[in-house]
Amino acid sequence: DRAGAGGAAKAKPTFFGCYLIGSRNPAMKGRSYVGFTVNPARRLQQHNGVLTAGAKYTKRLRPCEMILIVHGFPSKIQALQFEWAWQKPRL
């Protein structure tokens, strides 16, 4: 029994998403950023500088807002492949 003596193993909930954030800074109107995350709320806080480890590129876009989240990917790899394609639509 792989679950051990305690019963069935609990599956860890998985969320793999790609997101689009846009700048709310009038000087950066129309600027956006595409990324990958497992926690959209935390990632937006990082981009806005509320939490550390935000994307360096988006520092100049602050404040940012989450515009769109694409999710439902079965794996992290597939989400990262989608992110790459979204960032490079002409390739």
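First, a word on what this report is: a plain description of the structure on this page.

Basis of the calculations
- Residues numbered from 1 in each chain as written.
- Predicted model: local features only at pLDDT ≥ 70, side-chain atom pairs only at ≥ 80, totals over all residues.
- Heavy atoms only, no water.
- Helix = DSSP H or I, 4+ residues; strand = E, 2+ residues; numbered from the N terminus.
- Contact = heavy atoms within 4.5 Å.
- Areas by Shrake-Rupley, 256 points an atom, 1.4 Å probe, with all protein chains shown as cover.
- Buried < 20%, exposed > 50% of the residue type's maximum accessible area, 1.4 Å probe, protein only.
- Arc of directions from axis to C-beta.

1. With respect to the overall build of the chain
Here is step 1: In terms of helices and strands, the chain carries 2 helices and 3 strands.
Here is step 2: Listing every helix and strand of the chain by position from the N terminus yields β-β-α-β-α.
Here is step 3: In the chain, once contacts between residues fewer than 6 apart in sequence are set aside, the share between residues at least 24 apart is 56%.
Here is step 4: On the chain, roughly 6700 Å² of surface is accessible, and the fraction owed to carbon and sulfur atoms is 56%.

2. Considering helix α1 (residues 40-47)
Here is step 1: Regarding α1, the residues found buried are P40, R43, Q46 and H47. The buried residues of α1 occupy an angular sector of 120° when the element is viewed end-on, so they sit on one face.
Here is step 2: Buried positions along α1 lie against β1 (17-23), β2 (32-37) and β3 (64-71).
Here is step 3: Once α1 finishes, G49 follows within two positions and takes phi at roughly 85°, a positive value.

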